[in-house]
Amino acid sequence: MTASSSPQRMTGWEWALLGLLSLVWGGSFLFNRILVAELHPLTIAFGRVTIAALALLAVLRMTGQSLPRSPAMWRSFFIMGLLNNLLPFTLIAWGQTQIAIGLAAILNATTPLFTALVVHYLAKDERERLTGNRLLGVVIGFVGVVLIVGPASLAGLGLNLVAQLAVLGGAFSYGFANNFGRRFRAAGVPPLVAAAGQVCATSVMSLPLMLIVDRPWELATMPSVTTWAALVGLGLLSTALAYVIFFRLLSGAGAVNVALVTLLVPASALILGALVYGERLDWNELLGMAVILAGLVVIDGRVLVALARRL
């Protein structure tokens, strides 16, 4: 394998960004825990992307940047918004109303595998092709997610098949989005602009769905201040900031490496839950985190190479 076709590895800075991304996305579980008590799923989705869009547009204005006017680029923003937000948000949210959240988390953790398969067959960059180390690491990480959630969650596998396929469909959509999003770097679109364009497009697409399906004006009571604060946090941190980091990583680390965040999010959510709510971490959760870490080490490969040289 030549240097130009060697697997794409992340720098230390990119690993740190991946960890930060897992934390801000893991935080969405804490925000959603508050929001689902008073708001419907599509209303939450519309609120988070709209708040993110307004925030990112403000940052663009302050930094002297602007969204492109090219119809072709906006078509890409809408496709990315569909694949990376609207479809997975809707499919996974609906699936979670029919199956246990633990099983949904396990099914969603297949995103890196779907991304690896999509990129392997569609990407022109040889460095992003599926390798033995990459596949083994993803499988090990997936086992870690199962341990965190609890193997008992797999008991419902095969029941309510449509809902399970919906969650898998969301993970598959993320896989295509991770591959599709690489074109923004090729087109010279900065991560901040790509993030803003995507959430603006998603906001436009989700508005009619929210009005038709959720009919928020029919809510029995006005959402509380805590709910509004959680929605703002979800929009600013878990959406606006998260997508700036996401597109920055996508432009440098590649689609398959970015998809690894799906393995880290359950662990980050547990750590945040322990810090914010004082929830106790069980042995299987700690073991699962260790297994996920081992999977990431295998995917990166540098530690294995160093050990092989010593032997």
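Residues numbered from 1 in each chain as written. Predicted model: local features only at pLDDT ≥ 70, side-chain atom pairs only at ≥ 80, totals over all residues. Heavy atoms only, no water.

(A) Quick look at the packing of aromatic side chains. Summed over all chains, the structure comprises 12 aromatic pairs. Between Trp74 and Phe77, the ring centres sit 5.1 Å apart and the planes meet at 80 degrees, which makes this aromatic pair edge-to-face. Placement of both Trp74 and Phe77 in helix α3 (residues 71-96) is noted, with a separation of 3 residues, approximately one turn of the helix. Residues Phe172 and Phe176 carry aromatic rings whose centres are separated by 4.9 Å and whose planes lie at 90 degrees to one another, so their mutual orientation is edge-to-face. Here Phe176 and Phe172 lie together in helix α7 (residues 161-180), a separation of 4 residues that amounts to about one turn. The exposure class assigned to Phe172 is partly exposed, which follows from its relative accessible area of 36%. (Phe/Tyr/Trp six-rings, centres within 6.5 Å; stacked < 30°, edge-to-face > 60°. Helix = DSSP H or I, 4+ residues; strand = E, 2+ residues; numbered from the N terminus. Buried < 20%, exposed > 50% of the residue type's maximum accessible area, 1.4 Å probe, protein only.)

(B) Spotlight on the packing of helix α12 (residues 261-277) against helix α13 (residues 283-300). Closest axis-to-axis distance for the α12/α13 pair is 10 Å, and the angle between their directions is 145 degrees. In terms of crossing hand, the pair formed by α12 and α13 is left-handed. Packed against α12, whose contacting residues are Leu263, Leu264, Ala267, Leu270 and Ile271, the element α13 presents Glu285, Met289, Ile292 and Leu296 at the interface. In the contact of α12 with α13, the residues fall into 8 nonpolar, no polar and 1 charged. (Axes fitted to C-alpha atoms, helices over the stretch in contact; angles between N-to-C directions. Left-handed = near helix turned anticlockwise from the far one by under 90°. Contact = heavy atoms within 4.5 Å. Nonpolar A, V, L, I, M, F, W, Y, C, P; charged D, E, K, R; others polar.)

(C) Structural view of the nonpolar core. Counting 67 residues, the largest nonpolar core has Leu21, Trp25, Phe184, Tyr243, Phe246, Phe247 and Leu249 as its most contacted members. The residues contacting Phe247, other than those within four sequence positions of it, are Met80, Phe184, Pro191, Ala194, Ala195 and Gln198. In terms of nonpolar packing, the next biggest core, distinct from the first, is built from 7 residues, Leu35, Leu39, Ile44 and Leu234 among them. (Core = buried A, V, L, I, M, F, W, Y, C linked by side-chain atoms within 4.5 Å.)

(D) Representation of a nonpolar patch on the surface. A surface patch of nonpolar side chains, amounting to about 780 Å² of accessible area, comprises Leu113, Leu117, Tyr121, Leu122, Leu135, Val139, Val143, Phe172 and Phe176. Contributions of two or more residues to the nonpolar patch are made by α5 (111-122), α6 (132-149) and α7. The greatest single-element share of the nonpolar patch, amounting to 4 residues, is contributed by α5. (Patch = residues over 30% accessible without salt bridge, like charges linked within 9 Å, V, L, I, M, F, W, Y side chains within 5 Å. Areas by Shrake-Rupley, 256 points an atom, 1.4 Å probe, with all protein chains shown as cover. Salt bridge = Lys/Arg side-chain N within 4 Å of Asp/Glu carboxyl O.)

(E) Fine view of the layout of surface pockets. Size it by volume and the largest pocket reaches roughly 1,400 Å³. Looking at the largest pocket, it is lined by 44 residues, and the ones nearest its centre are Ser28, Phe29, Asn32, Gln96 and Ile101. Ranked by residues supplied to the lining of the largest pocket, first place goes to α12 with 7 residues. Its residues assigned to classes, the lining of the largest pocket shows 28 nonpolar, 12 polar and 4 charged. The volume enclosed by the second largest pocket comes to roughly 190 Å³. Forming the walls of the second largest pocket are Leu39, Thr43, Phe46, Gly47, Ile51, Met210, Pro216, Leu219, Pro223, Trp228, Leu231 and Val232. Where the lining of the second largest pocket is concerned, the elements lending two or more residues are α2 (41-62) and α10 (225-252). (1 Å grid on protein atoms, 1.4 Å probe; cavity = no way out; pocket = protein on both sides within 12 Å on 5 of 7 lines; lining within 4 Å. Points joined across faces, edges and corners; volume = space filled by probe spheres on them.)

(F) Summary view of the pattern of salt bridges. Tallying each qualifying case throughout the model produces 3 salt bridges. Here Glu14 and Arg248 are joined by a salt bridge, their closest N and O atoms 4.0 Å apart. Note that Glu14 is positioned in helix α1 (residues 12-35) and Arg248 in helix α10, a separation of 234 residues in sequence. Take Glu14: its relative accessible area is 8%, and that puts it in the buried class. The shortest N-O distance in the salt bridge between Asp282 and Arg280 comes to 3.1 Å.

(G) Representation of helix α9 (residues 191-214). Between its terminal C-alpha atoms α9 stretches 32 Å, which fits the 34 Å expected from 24 residues at 1.5 Å a residue. Along α9, the helix axis deviates most sharply at Ser206, where the bend reaches about 30 degrees; the proline Pro208 sits within four residues downstream. Following α9 by one or two positions, Arg215 adopts a phi angle in the positive range, close to 45 degrees. (Expected span 1.5 Å × (residues − 1). Bend = angle between axes of the 7 residues up to and from the residue.)

(H) Examining the environment of Leu161 more closely. With respect to the helices and strands, Leu161 occurs in helix α7. Along the sequence, Leu161 and Leu286 sit 125 residues apart, while their C-alpha atoms lie 30 Å from each other.

(I) Representation of the side chain of Thr227 within the structure. Position of Thr227 relative to the elements: it lies in helix α10. Overall, the relative accessible area of 1% leaves Thr227 in the buried class. Among residues more than four places away in sequence, those in contact with Thr227 are Ile34, Leu35, Glu38 and Leu39.

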